[in-house]
Amino acid sequence: MNMMRPHGSSAADFSSLRFFIRRMDTSGYVKPAEVPVSRFPLIAFIYVTSGEVLVESDGAPFLCQPGHLLLVPPMCPFATRYYRDAVGYMGGFQPSALPDSAPLRFLTAPHHQAFWFDEGAFVSELFNMLAESFAKHDEVFIEKGLDLLLSRVKWGDVQSFPPAVSAFLESVFAEDRTPGTIASYAEEAGISENYLSRLVKKATGRSVGSWIDIVRISRAKRLLAGTDTPVIDVAAAVGLEDQSYFARLFKKETGMTPSAFRKKMQG
């Protein structure tokens, strides 16, 4: 299986391709220090079968969970902010790869859609067949498969977060900010902690505190793997002054102490 992070190489040249697809499996990956912003000359897509990917595109966050499809217009910037054991497919296609590109007139901004239950199983198998057809250079099936996929897309039915949730996710994942407290994000949004917590939990399935911890652990992994920064300073860099609490949180999330993780990654 080809394994890829859910973002493309900014240096890759896709301009000569009508279609490409790769199987995505991020199990065991440590998020790179800087996630490249990609701009494909194709219509880019990510489809998730398990795990989750948080993508920022055109200034908005999109949380892709199992059965979710994200379509991004050509040259529209997008970057991965977070992923956890994400498995699925990513790639892109030219409108010319379709028998009828008329439906794509609606794709003027990123489109996020969930396929549930039997429909999700069908779309997952369709992506599997598209991947196999790409490997076999079977352009006939690729055209039919893409046409069938787009027939399942409900244009205009974009899943968007409430403004307060979008603002929270953009803020907590901002690379130039130290992760804050629930109270600090609620104050930024101008709402109570309880209300922000309810909004975020309903929209994403995760609590505010869980998202903050995800960012803290992700950044701690990068610092531990890529620098010699003392553990106490790593804790402070991710917003935790209590090194003991940081060590307990890190082990809870990763199964390893910060020192053991650093030894494994640098060894």
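The paragraphs below set out a description of the structure included in this document. (Residues numbered from 1 in each chain as written. Predicted model: local features only at pLDDT ≥ 70, side-chain atom pairs only at ≥ 80, totals over all residues. Heavy atoms only, no water.)

## Overview of the state of the cysteines
Using the criterion set out here, one finds zero disulfides in the structure. You can see cysteine 76 has no disulfide; the closest cysteine sulfur is in cysteine 64, sitting 13 Å from it. Note on cysteine 76: relative accessible area 9%, which makes it buried. (Disulfide = S-S within 2.5 Å. Buried < 20%, exposed > 50% of the residue type's maximum accessible area, 1.4 Å probe, protein only.)

## Here we look at the nonpolar core
Ranked by internal contacts, the top residues of the largest apolar core, which has 24 residues, are Leu69 and Phe127. Elements with a minimum of two residues in this core: β1 (19–25), β2 (43–57), β4 (68–72), β5 (78–93), α1 (117–135) and α2 (139–151). No other element matches α1, which puts five residues into this core. The contact partners of phenylalanine 127, leaving out residues within four places of it in the chain, are Ile21, Phe45, Tyr47, Leu69, Tyr89 and Leu149. Listed in part, the 20 residues of the second largest apolar core include Phe161, Phe168, Tyr185 and Ile212. (Core = buried A, V, L, I, M, F, W, Y, C linked by side-chain atoms within 4.5 Å. Helix = DSSP H or I, 4+ residues; strand = E, 2+ residues; numbered from the N terminus. Contact = heavy atoms within 4.5 Å.)

## Observations concerning the environment of leucine 150
With respect to the element layout, leucine 150 can be found in helix α2. Judged by relative accessible area, which is 6%, leucine 150 ranks as buried. When the C-alpha atoms of leucine 150 and tyrosine 82 are compared, they prove to be 27 Å apart, with 68 residues separating the residues in sequence. Contacts of leucine 150, omitting those with residues within four sequence positions, involve Leu71, Leu98, Leu104 and Trp155.

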